[in-house]
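# Geometric and topological summary
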Amino acid sequence: LASVIVETKPFEGQNAGTSGLRKKVKVFMEKHYTENFIQCILNTLGDKIVGSTLIVGGDGRYFSKQAINTIIRIASANGVSKLIIGQLGLLSTPAVSNLIRNQKVLGGIVLTASHNPGGIRHDFGIKYNIENGGPAPTHFTNDVYEHTKKITSYKFTPKLETDRLIDVLGTNTFNVDGRDFVVEVIDSTADYVKLMKEIFDFKKLRTLIRGTEQRAAFNVLIDSMNGVTGVYVRRIFVEELGASPDNNVFRIVPLDNFGEIHPDPNLVYAKDLVDKIQANPAYDMGVAFDGDGDRNMIIGKNAFFVTPSDSLAVIANNLECIPYFKKHGVRGFARSMPTAAAVDRVAEKLGKEMFEVPTGWKFFGNLMDAGRLSLCGEESFGTGSDHIREKDGIWAVLAWLSIIEHKNMSIEDILKEHWNIYGRNYFTRYDYEEVESDAADKMMKHLENFIATDGLIGKSFSSNGKSYKVAKMDNFSYVDPIDHSVTKNQGVRVLFDDGSRLVYRLSGTGSSGATIRVYIDSYEKKDVLSDAQEMLKPLVNIGLEISQLKQFTGRDAPTVIT
Ligand code: VG1
Ligand code: CO
């Protein structure tokens, strides 16, 4: 087979957001659009690409197969030696991260728009992960973007037959330009299941799920939201841990449009799960994952909600019941800036180093590689550890099950015990989706202006009988402790003198308009059992007043509250 050079022209806007390039499917379908972006990733890798191996796979959303065929033809023409591809193109984001690490390859291309809806009318995405298994850092994605602005041609092997290539397990060798080029189609789950078995005590977890004569079975309901985790859930929870395929799992067949739902595990988009748990008090736990399997939501009996910030803190407080941490020890903890500081209190008590990084998993990788970080999370339903370099939904659930098995307590009781010891960080996030970009920018400018003029410092705001005084205001910036790179403008923070916070940022994962996120966070030492929405209402009102969100955007209410 011979490769050819195809002429092309740059497309605007091929810059990665918080987590890869995400656009509507129809944009990726434009002639040369996907080809350009893939070629630019390879151009950024430069000489390293010749003779290299890459992992390829994703959440199976619409357009994945076409994108994989394109990747095969472009990679082969650029001198890549081997692609390792999940069967049918399926690999969860954590599974890709694991494969890059344990196969010791150059990197991986992840085909997903994660929690964004899929299908012909919705979103597609492409993300590159580097040698350590983590999302490419900003300097890499910036380089890719620069290449996309000046690309004039890409390399392509037109006659390489890709039809149904990824449907069947096995190794296929082609000869391209006189070199061997291999496509190895692998079982999507095997390596990942092996890793989970090394980390957790599956025997104990099986007893928990199945029950014993002394202890009733712990009754879970796992919702894969028609995303890629379905194949892993079947292997791990049904086949390994003995959960019932009829009563303990649902929506576990990956669909390319996620069955027209929004595969985002929160109380709004995973309402089906919440309803089922509420309707049936026999369930002890409900779990949902996003499209690509890196997010998780945990709820207890009667849909008792565990905020991701609390989930992280509880796991941090109980790592000794997970064999992996017994073996490898526990280093520091980290969270993204908007995430509530519940885990910070655990770090303090345990004497662990604590890091606060910008939003996005790519910022945790350096700390893990340097051996300073074991466990981290984000308020956006992401939790993970240094077993890989992505957040990991299934890992988080297995961690929770290990804790429940060990403590023999309900989820609600575990949380209440935790709050009694540490106090509680009440947290909520208001999302305003598909706001007009201009309006969102103006609102952020308005906030920036307060920072520039110190306009709010010392001012008090009141609502519903509660008062808060502004102590500090800034736009979060981060210096990476390992490579000293600086990341600026990561969110406007209003810090009050009692430690409460308001944070404003614009989302970097949407595909149209702007999404404004407002994060509201307040710590209570004693009053730990109130309703979070009620507790935070005054601060929410103050947040809306300070930002003038309504005036700028015309929005009366958020699209989603988490
Ligand atoms: C969102 C979340 C962020 C997360 C990112 C990717 O980003 O806030 O915490 O890391 O999605 O998650 P943004 O820029 O829209 O706020 V995933 O599961 O979509 O890869
Ligand atoms: Co995701």
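All of these numbers come straight from a predicted model, not from anything done at the bench.

Within helix α6 (residues 190-199), burial applies to Tyr192, Leu195, Met196 and Ile199. Burial along α6 is one-sided: seen end-on, the buried residues are contained in an arc of 100 degrees. The outward face of α6, more than 90 degrees from its buried face, is lined by the exposed residues Ala190, Lys194 and Glu198. Here the buried face of α6 lies against α4 (93-102), α8 (229-240), α11 (323-328) and α14 (393-407).

In the Ramachandran plot, Ala303 falls in the positive-phi region, its phi being about 65 degrees despite a non-glycine side chain. Mapped onto the secondary structure, Ala303 falls in the loop between β13 (296-300) and α10 (308-317). Its identity is not glycine, yet Asn464 carries a phi of approximately 45 degrees, on the positive side. For Asn464, the location among the structural elements is in the loop between β19 (460-463) and β20 (466-475).

Bringing the packing of helix α7 (residues 202-210) against α14 into the picture now. The N-to-C vectors of α7 and α14 enclose an angle of 75 degrees; their axes lie 10 Å apart at closest approach. By the criterion of interaxial angle, the relationship of α7 to α14 is roughly perpendicular. Contact with α7, carried on its side by Lys204, Leu205 and Leu208, involves Leu398, Leu401, Ser402, Ile404 and Glu405 of α14 and no other residues of that element. Taken together, the residues of the contact of α7 with α14 break down into five nonpolar, one polar and two charged.

Domains assigned within the protein chain are domain 1 (4-188), domain 2 (191-422) and domain 3 (424-561). Distance between the C-alpha centres of domain 1 and domain 2: 29 Å. Each partner contributes residues to the interface: domain 1 has 30 residues there, and domain 2 has 33 residues. Broken down by element, the side of domain 1 that touches domain 2 gets its largest block of residues, eight residues, from α4. Of the residues assigned to the side of domain 1 that touches domain 2, the class counts are nine nonpolar, 18 polar and three charged.

For strand β5 (residues 107-111), the buried fraction is high: five of the five residues fall into the buried class. Burial of the side chains of β5 extends over both faces: Gly107, Ile109 and Leu111 are buried on one face and Gly108 and Val110 on the other. Sheet topology note: the strand β3 (residues 53-58)/β5 ladder contains five bridges and is parallel. Its bridge partner lying in β5, Leu54 is registered against Gly107. Where β5 meets strand β6 (residues 123-129), four bridges bridge the pair, whose relative direction is antiparallel. The residue of β6 that forms the bridge with Val110 is Lys127.

What counts, and at which threshold
- Residues numbered from 1 in each chain as written.
- Chains lettered and ligands numbered in written order.
- Predicted model: local features only at pLDDT ≥ 70, side-chain atom pairs only at ≥ 80, totals over all residues.
- Buried ≥ 20, exposed ≤ 12 C-beta atoms within 10 Å, placed from the backbone.
- Helix = DSSP H or I, 4+ residues; strand = E, 2+ residues; numbered from the N terminus.
- Arc of directions from axis to C-beta.
- Contact = placed C-beta atoms within 7 Å.
- Axes fitted to C-alpha atoms, helices over the stretch in contact; angles between N-to-C directions.
- Parallel < 35°, antiparallel > 145°, perpendicular 65-115°, else oblique.
- Nonpolar A, V, L, I, M, F, W, Y, C, P; charged D, E, K, R; others polar.
- Domains from an automatic or database assignment.
- Pairing = 2+ DSSP bridges.

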